[in-house]
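# Structural features, examined
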Amino acid sequence: MRPKNNKIVIFDTTLRDGEQSPGASMNLDEKMRIASVLEDMGVDVIEAGFPIASVGDFEAVHEIAKVVKNSTVCGLARATQGDIERCAEAIKPAVRSRIHTFISTSPLHMEYKLQMTPEKVLEKVTESVTLARNFTDDVEWSAEDGSRTEHEFLYRCVEAAIKAGATTINIPDTVGYAVPSEFADLITSIFNNVPNIDQAIISVHCHNDLGLAVANSLAAVGAGARQVECTINGLGERAGNAAMEEIVMALRTRQDLLPYSTDIKTEAIIKASRLVSTITGFTVQPNKAIVGKNAFAHESGIHQDGMLKHAGTYEIMTPESVGLTESKLVLGKHSGRHAFKEKLIDLGYDLGDNAVQDAFARFKDLADKKKDVFDEDIMALVDDEIMRTNDRIKVVALEILCGTVHNPPKSTLTLDIDGEEKSCKSTGDGPVDAAFNAVKELFPHEARLQLYQVHAVTGGTDAQAEVTVRLEENGRTVNGQAADTDTMVASVKAYINALNKLLVKREKSAPSALSA
Ligand code: KIV
Ligand code: ZN
């Protein structure tokens, strides 16, 4: 029987499936910041990580479980005792906690990945859910590769999971293979063939390999699914997951055809999107639905004319409804500390007195260099400030001399490394290379540069440059970010930010290996 209630539970997996995107790894502090934004925006369930995967994952779930009060905090676990017990330990401090346990159910996965018979998998379903229920009443069970599972077998697994105590049954389209009508039929058939289905909520988890993740999720909702798993900006394995902003705004905008509700404060969407993009270094494509830079831009004369006559001619939702406000001139160089503090609160930052003090000093510097200071500038500046607390290596001074083939670019760099200032001169194939070579000379390391990316925070030639640098060392990747009106300074600071993050990782895995 299809549910009567029309509330859709939003289950965000940015911190788990999203973090599984190659290169999107986040540190504890970054995960905590994202979790806090997700909680504030009204996410029902935050999947905070996969505790057995690493010490870092365990810690992230555990710390998030301690601070998040309004969302359920969930951890992922395979169908093994070790995974489930580790997950239970990680989520223990949460006000509301969930264990999400999964096992593959498709013929292909059972034969090649698990090397288990269907009967053995069925046994594991019962065993894993029963064990998880010893730790929390809120247990989600997932049929990995559910959309490619034989229906009769899927019904038996779902029935067994519910009988063992699962309260949410998740049907993933793990490889993004389904099409909407087929996926809706699958959900309908589960309602029609699983006798105890009324004792659980059906959830869906769609990947975007064919660009159908959102369409499949919405089709499933139409067929009775009441939880949607999604990520900010559609981050996730391979082509990603269903994008939360698209699901939520489709439901809000098309109430005529999709009469379902969520508890998401949609006005927080842009802030969440920006934060996830800055932290991961995954820029949002300009034409991305809802959060792309062009999603509310009108370039052609005909469209602009229509917009001036009536915004509804070309806009099906207002920019304000997703938290996009006209870029405003917010503060100038004569603005005082009080106005600055008010602005920070307005933008959703809750900083301690010392951090406000430091950010204010940087704002004054910026206002001296840059004619107009916009909301985006303040956000970039504060994000930058937060990222640099506790850094062991700091940039003290940088000079760059650009050049041609006969006169290669030169850099002079001074770094503060553990309280000691060191300087050197270097050259390179271009100014960025010259600056990065100087960093390597002052702080020798084996980390490889995987990504160097620059984008302008606002328009104009005096715009701040926001730079992301991704470094890889022994299979671990970190993203460093920085913003500055000088692109070269931002580049070196982003590189140093990534190095500092690698040092923290090294300290955790081998406390003695602290030198370069
Ligand atoms: O894609 C998938 O099947 C998953 C499961 C663990 C839910 O991420
Ligand atoms: Zn997934």
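All of these numbers come straight from a predicted model, not from anything done at the bench.

### Considerations on the coordination of the zinc ion (ligand 2)
Listed as protein donors to the zinc ion (ligand 2) are Asp 17 (OD), His 205 (NE2) and His 207 (NE2); their distances from the metal cover 2.0 to 2.1 Å. Linear spacing of the donor residues for the zinc ion (ligand 2) on their chain is D-x187-H-x1-H. Of this pair, Asp 17 sits in the loop between strand E1 (9–12) and helix H1 (28–40) while His 205 sits in strand E7 (residues 201–206); the two residues are 188 residues apart in sequence, bridging distant segments of the chain. We note that Asp 17, like His 205, is buried.

### Looking at the pairing of strand E16 (residues 476–484)
Among the nine residues in E16, eight count as buried, and that is most of the element. Sheet topology places strand E15 (residues 465–473) next to E16; nine bridges connect them, and they run antiparallel. If you follow Glu 473 over to E16, its bridge partner there is Arg 476. Linking two consecutive strands that pair antiparallel, namely E15 and E16, is a turn of two residues; a positive phi of about 50° is found at Asn 474 within it.

### Remarks on the nonpolar core
In terms of nonpolar packing, the biggest core is built from 96 residues, with Met 41, Trp 141, Val 158, Ile 169, Ile 171, Ile 190 and Met 244 touching the most fellow members. Looking at which element gives the most residues to this core, the answer is helix H6 (residues 151–164), with nine residues. When residues of this core are sorted by domain, at least three fall in each of domain 1 (9–280) and domain 2 (296–324).

### Description of the sheet that holds strand E2 (residues 45–49)
Taken together, the eight strands give a closed barrel; going around it, the order is E1-E2-E3-E4-E5-E6-E7-E8, and neighbouring strands pair in parallel fashion. Going across the sheet, the axis of each strand differs from the next one's by a mean of 25°, ignoring polarity. Packing of helix H5 (residues 118–133) onto the sheet brings it into contact with strand E4 (97–104) and strand E5 (139–144), and relative to E4 it is tilted by some 170°.

### Looking at helix H13 (residues 353–369)
Counted at 1.5 Å a residue, the expected span for H13 with its 17 residues is 24 Å, and the 25 Å between its end C-alpha atoms agrees. Inspection of H13 places Val 356, Ala 359, Phe 360, Phe 363, Leu 366 and Ala 367 among the buried residues, and these make up the whole buried set. Down the axis of H13, the sector holding all buried residues measures 125°, keeping them to one side. Of the exposed residues in H13, the ones pointing more than 90 degrees away from its buried face are Asn 354, Asp 368 and Lys 369.

### Overview of the environment of Thr 485
One can find Thr 485 in the loop between E16 and helix H16 (487–509). What makes Thr 485 partly exposed here is its relative accessible area of 22%. The sequence separation of Thr 485 and Lys 369 amounts to 116 residues, and the corresponding C-alpha distance is 7.6 Å.

### What to know about the site of ligand 1
Ligand 1 sits among Arg 16, Asp 17, His 100, Phe 102, Ser 142, Glu 144, Asn 170, Pro 172, Thr 174, His 205 and His 207. Residue Arg 16 places a side-chain N or O atom 3.0 Å away from an oxygen atom belonging to ligand 1. Take His 207: an N or O atom from its side chain is 3.0 Å from an oxygen atom of ligand 1. Relative to its free-state accessible area of 260 Å², ligand 1 is covered by the protein chains to the extent of 94%.

### Structural notes on the environment of Ile 64
As for its position among the elements, Ile 64 is in helix H2 (residues 55–67). Along the backbone, Ile 64 and Val 9 are 55 residues apart, and their C-alpha atoms lie at a distance of 20 Å.

### Looking at the pairing of strand E3 (residues 72–78)
Most of E3 sits out of view: six of its seven residues are buried. Remark: the E2/H2/E3 crossover connection has right-handed handedness. Pairing of E3 with E4 involves six bridges; the strand directions are parallel. Bridged to Leu 76 within E4 is His 100. Since E3 and E4 lie parallel, the crossover through helix H3 (residues 81–91) that links them has a hand, and here it is right-handed.

### Focus: the packing of H6 against helix H7 (residues 180–193)
Two elements in contact, H6 and H7, have axes whose closest approach is 10 Å; the angle formed by their N-to-C orientations is 55°. Between H6 and H7, the angle falls in the class oblique. Between H6 and H7 lies a crossing whose hand is right-handed. Between H6, through His 151, Leu 154, Tyr 155 and Val 158, and H7, the contact on the second element is made entirely by Leu 186, Ser 189, Ile 190 and Asn 193. Of the residues assigned to the contact of H6 with H7, the class counts are five nonpolar, three polar and no charged.

### Thoughts on the domain arrangement of the protein chain
Under the domain assignment, the protein chain is made up of domain 1 (9–280), domain 2 (296–324), domain 3 (337–387) and domain 4 (393–507). A straight line from the C-alpha centre of domain 2 to that of domain 4 covers 40 Å.

### Some remarks on the packing of helix H8 (residues 213–222) against helix H9 (residues 244–253)
Contact geometry for H8 and H9: axes closest at 10 Å, N-to-C directions at 50°. Between H8 and H9, the crossing angle belongs to the class labelled oblique. The hand of the H8/H9 crossing is right-handed. Residues Val 214, Ser 217 and Leu 218 of H8 touch H9, and the partners they reach there are Glu 246, Ile 247, Ala 250 and Leu 251.

### Structural notes on unusual backbone geometry
Of note, the phi angle at Asn 233 is positive, near 65°, even though the residue is not glycine. Its location among the elements puts Asn 233 in the loop between strand E8 (227–230) and H9.

### Considerations on the confidence of the model for the protein chain
For the protein chain, per-residue confidence averages 91 on the pLDDT scale, and residues scoring 70 or more make up 95% of the total. Below a pLDDT of 50 lies the segment residues 510–516, which in the model reaches nine contacts outside its immediate sequence neighbourhood of four places, other chains included.

Calculation notes
- Residues numbered from 1 in each chain as written.
- Chains lettered and ligands numbered in written order.
- Predicted model: local features only at pLDDT ≥ 70, side-chain atom pairs only at ≥ 80, totals over all residues.
- Heavy atoms only, no water.
- Donors = N, O, S within 2.8 Å, 3.2 Å for Na, K, Ca; no water.
- Helix = DSSP H or I, 4+ residues; strand = E, 2+ residues; numbered from the N terminus.
- Buried < 20%, exposed > 50% of the residue type's maximum accessible area, 1.4 Å probe, protein only.
- Pairing = 2+ DSSP bridges.
- Core = buried A, V, L, I, M, F, W, Y, C linked by side-chain atoms within 4.5 Å.
- Domains from an automatic or database assignment.
- Axes fitted to C-alpha atoms, helices over the stretch in contact; angles between N-to-C directions.
- Contact = heavy atoms within 4.5 Å.
- Expected span 1.5 Å × (residues − 1).
- Arc of directions from axis to C-beta.
- Near = heavy atom within 4 Å.
- Polar contact = N/O pair within 3.5 Å; in protein donor to acceptor, adjacent residues only side chain to side chain.
- Areas by Shrake-Rupley, 256 points an atom, 1.4 Å probe, with all protein chains shown as cover.
- Right-handed = clockwise from strand over helix to strand, strands pointing away.
- Parallel < 35°, antiparallel > 145°, perpendicular 65-115°, else oblique.
- Left-handed = near helix turned anticlockwise from the far one by under 90°.
- Nonpolar A, V, L, I, M, F, W, Y, C, P; charged D, E, K, R; others polar.
- pLDDT = per-residue confidence, 0-100.

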